[in-house]
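Results of the structural survey
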Amino acid sequence: MFRFILGRLAVLIPTFIGVSIIAFAFIRVLPGDPVMLMSGERVMAPERYEQLTKMLGYDRPLPVQYFDYLTGVLQGDFGNSIVTRRPVAQEFLTLFPATLELSICAIIFAMLIGLPAGVIAAIKRGSFFDQSIMGVSLVGYSMPIFWWGLLLIILFSGVLGWTPVSGRISLMYFFPPVTGFMLIDSLLSGQAGAFKSAVSHLILPTIVLGTIPLAVIARQTRSAMLEVLGEDYVRTARAKGLSPFRVIGVHALRNAMIPVITTIGLQIGVLMAGAILTETIFSWPGIGKWMVDSVFRRDYPVIQGGLLIIAGIIMLVNLAVDLLYGLINPRIRH
Amino acid sequence: MTDMATVPAPVQEGTRRQMLAEFWYYFSENRGAVMGLWVFVLLVIIAIFAPVLAPHAPNAQFRDAILVPPFWEAGGRAAYPLGTDAVGRDILSRLLHGARYSLFIGLIVTSIALVGGIIIGVIAGYFRGWIDTVIMRLMDIILAFPSLLLALVLVAILGPGLTNAMIAIALVLQPHFVRLTRAAVMSEKNREYVTAARVAGAGNLRLMFRTILPNCMAPLIVQATLSFSTAILDAAALGFLGMGAQPPTPEWGTMLAEAREFILRAWWVVTFPGLAILITVLAINLMGDGLRDALDPKLKRS
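**With respect to the overall build of chain B**
Of the regular secondary structure elements, chain B holds 13 helices and 0 strands. Sequence-ordered secondary structure for chain B, helices as α and strands as β, is α-α-α-α-α-α-α-α-α-α-α-α-α. Across its three principal directions, the C-alpha atoms of chain B cover 75 × 45 × 40 Å. In chain B, buried positions account for 47% of the 302 residues. If you take every contact in chain B between residues at least 6 apart in sequence, the share linking residues at least 24 apart comes to 71%.

**Structural notes on the overall build of chain A**
What chain A contains, in helices and strands, is 13 helices and 0 strands. For chain A, the α and β elements follow one another from N to C terminus as α-α-α-α-α-α-α-α-α-α-α-α-α. When burial is assessed residue by residue, chain A has 37% of its 334 residues classed as buried. Across chain A, every contact between residues at least 6 apart in sequence was considered, and the portion connecting residues at least 24 apart equals 70%.

**Structural notes on the confidence of the model for chain A**
When pLDDT is averaged along chain A, the result is 85; 95% of the residues meet or exceed 70. Here helix 2 (residues 34–39) of chain A is the element of chain A with the lowest mean pLDDT, 67, and helix 5 (residues 88–123) of chain A is the one with the highest, 93.

**Let's talk about the interface of chain B and chain A**
Contact residues are listed per partner, giving 34 residues for chain B and 37 residues for chain A. When residues of the side of chain B that touches chain A are assigned to their parent elements, the largest contribution, 10 residues, is made by helix 12 (residues 267–295) of chain B. Here the residues of the side of chain B that touches chain A are counted per class, giving 25 nonpolar, 6 polar and 3 charged.

**Here we look at the nonpolar core**
With 175 residues, the main nonpolar core has Leu149, Ala151, Leu152 and Ile169 of chain B as its most contacted residues. Considering every element that reaches this core, the biggest residue donor is helix 9 (residues 194–229) of chain A, with 17 residues. Every residue in contact with Ile169 of chain B, bar those within four places of it in the chain, is listed here: Val109, Ala151, Ala231, Asp234 and Ala235 of chain B.

**Remarks on unusual backbone geometry**
Negative phi values dominate among residues other than glycine, just as trans dominates among peptide bonds. Each neighbour pair has its own omega, and for Pro247 of chain B with Pro248 of chain B the value is 5°, a cis peptide bond. As for its position among the elements, Pro248 of chain B is in the loop between helix 10 (217–240) and helix 11 (252–259). A positive phi angle, close to 45°, is found at Ser283 of chain A, a residue other than glycine.

**Points about the packing of helix 5 of chain A against helix 9 of chain A**
All names here are of chain A. At their nearest, the axes of helix 5 and helix 9 sit 6 Å apart, and the two run at 35° to each other. The two elements helix 5 and helix 9 cross, and the hand of that crossing is right-handed. Here the residues of the contact of helix 5 with helix 9 are counted per class, giving 24 nonpolar, 6 polar and 2 charged.

**Description of the packing of helix 6 (residues 128–141) of chain A against helix 9 of chain A**
Residue and element names in this part refer to chain A. Between helix 6 and helix 9, the least distance of the axes is 8 Å, while the angle of their chain directions is 140°. Between helix 6 and helix 9, the crossing angle belongs to the class labelled oblique. The element helix 6 and its partner helix 9 pack so that their crossing is left-handed. From helix 6, Ile133, Ser137, Gly140 and Tyr141 reach across to helix 9, where they touch Thr211, Ile212, Leu214, Ala215, Val216, Ala218 and Arg219.

**As for the environment of Pro63 of chain A**
Inspection of the secondary structure puts Pro63 of chain A in helix 4 (residues 62–74). Taking the C-alpha atoms as reference points, Pro63 of chain A and Gln75 of chain A, 12 residues apart in sequence, are found 18 Å from one another.

**Observations concerning the environment of Leu103 of chain B**
Residue and element names in this part refer to chain B. Take Leu103: it is sitting in helix 4 (residues 91–127). Residue classification places Leu103 among the buried residues on the basis of 20 C-beta atoms within 10 Å. As a C-alpha pair, Leu103 and Phe40 span 63 residues in sequence and 9.6 Å in three-dimensional space.

**Regarding the environment of Ser200 of chain A**
Residue and element names in this part refer to chain A. Here Ser200 shows up in helix 9. Ser200 sits 32 residues away from Arg168 along the chain, and the two C-alpha atoms are 8.8 Å apart. When near neighbours in sequence (up to four residues on either side) are disregarded, Ser200 contacts Thr163 and Pro164.

**Quick notes on the confidence of the model for chain B**
Predicted confidence across chain B gives a mean pLDDT of 88, with 93% of residues reaching 70 or more. This model gives residues 1–7 of chain B a pLDDT under 50, and the stretch forms 14 contacts once residues within four places in sequence are excluded.

**Focus on helix 10 of chain B**
For helix 10 of chain B, which comprises 24 residues, the first-to-last C-alpha distance of 34 Å matches the rise-based estimate of 34 Å (1.5 Å per residue) to within 8%. By the criterion of burial, helix 10 of chain B is predominantly enclosed, with 19 of the 24 residues buried.

Calculation criteria
- Per-chain numbering applies: the sequence of each chain, read as written, is numbered from 1 onward.
- All chains are assigned letters beginning at A, and all ligands numbers beginning at 1, according to the order in which they are written.
- Two thresholds apply to this predicted model, a pLDDT of at least 70 for residue-level local features and 80 or more for giving and counting side-chain atom pairs, whereas whole-chain, interface and lining totals are computed over all residues.
- The way it works is that DSSP assigns letters per residue, a run of H or I at least four long becomes a helix, a run of E at least two long becomes a strand, and they are numbered from the N terminus.
- Once C-beta atoms are placed from the backbone, each residue is buried if 20 or more other C-beta atoms lie within 10 Å of its own, exposed if 12 or fewer, and partly exposed for counts between those two.
- Any residue pair is listed as a contact if its two C-beta atoms, each placed from the backbone, are within 7 Å.
- Here pLDDT means the predictor's own confidence in every residue, given as a number from 0 to 100.
- Any residue outside Ala, Val, Leu, Ile, Met, Phe, Trp, Tyr, Cys, Pro, Asp, Glu, Lys and Arg is labelled polar, Gly included; the first ten of those are nonpolar and the last four are charged.
- Under the definition applied here, buried Ala, Val, Leu, Ile, Met, Phe, Trp, Tyr and Cys residues are grouped into a nonpolar core through C-beta atoms within 7 Å.
- Only the contacting stretch of a helix is used when fitting its axis, a line to C-alpha atoms as for every element, and angles between N-to-C directions run 0 to 180 degrees.
- Left-handed is the label given to a crossing in which the near helix is rotated counterclockwise from the far helix by less than a right angle, and right-handed is the label when the rotation is clockwise.
- Here the word oblique covers every angle except those under 35 degrees (roughly parallel), over 145 (roughly antiparallel) and from 65 to 115 (roughly perpendicular).
- One fewer than the residue count of a helix, multiplied by 1.5 Å, yields its expected span.

Printed below as a string of structure tokens:
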């Protein structure tokens, strides 16, 4: 196991260095002068320009600049936003809980529906139910989620008036963030109705962000389950006279879950890409909207830092999934 | 490239027809795939004949017909079957022309990603060693970013627009082809027919692209279909975010972006462009499922 972890790390570290080089090079391949871009000023005196170049370190050789940048990053310093002047890391930390909360809800939603749907579809293979589940999940997989979000807003907010259109909670409620998770904070605040408001704001974004993972999980669960159901040990379990519930619940499901867990873990990239669109549609104050806004404001340090942090998180989660997979399926370690 | 190296027997006309027949047998067993194929053919016809089929020019503005609902709703007019948008453009005509953009985007992006991915992947899988390590680490780096985010940032660097969006998406999709090609080449490389060709004097280039590559195509074709639909979706998403095709281009994602502010007043300006994206992507994905079944019958029987 130790060797296995070392092997993964040996791949991860060069990849992370590569990612940081891309993020670092990003601002230097942009059209225009990096000093002007970083300072956010349009016209400046030559003396001020010189002073800024020195201050930002652009007068030194590129490798030295990169090394400085990497040293900063490793100490948690990603530079400051041009627009808000606040440290990028600090902005990220304030906004990340919103994205995390939404992503967790979305993946729970996807698992709650996707896992049972996939299992039942596999058991009733070829039935009308199976075909409908597979049909619906292919539609879900093909869904342009930005449109899906708009449709849900038309139906649930426009026609039925059940859910709010945007934000995380009604403006009526105000309380200091404790955990950053609106569901928990609203409960802690003790204000009547705050939790309900937070839930109603969360429902549509959860559905929108969870749709593609839901489709992927349902399809993957079905095919993993089908494979396992054809195995000898399942036939043996049946022949022993175990109840169908026990055969499927204990013998088949456990083994079918191994590839499914990996699939779920790998959805984090899908979730981050989905968060960009979902948060834009619902004005959800998270990382995805932050990145889109920064692209439009040309807030380069934020784009640069955000890109690096997000890629780092995805790489760490993928590593964790890999390790978990090695743990539950010892065959892979060799 | 000597003639001596023509080791694999030239495919007979008969066997090729037989292969096609077998392919069609498996493909047509999947009803969804056949349906997807028909829808796709229809879309191609629409794209080719859009100027003939569309009742109006895609950018013609009718000042007397602003936000007219579809013909079956109260106030709808037969001249604008699916209604008009906020500046009085016929939605049906724009959708028909939009099919051209989507199919064009899918075709170009997939071609760039496929060709680039194959060349890089064959090199990595054939030569192995340090060149393979470098290539695969580079691909890992690209794959470490969420694809849409990387495409968004690339477009921000290159400047918004359809061409740049297509380049960005192709770059982001390419690693999948590299990985698949490399894996296939590695498993084929030590087969006897390759050794035979090498002994017969075939050079590296010939071995790579004439001898090995044709036997690696099945997974690549399936991946190409998937990329085709991903490219359409991502380009629409970039258009929706304002970073892809720019108004007044009748690209479906861009149309949705323009329609956003009217969503609670005029449902049709939002509903139809998205439906067009969904139908197109769904048809291609259905076809992809059928292709996978047909090209890899083993997988299907499991």
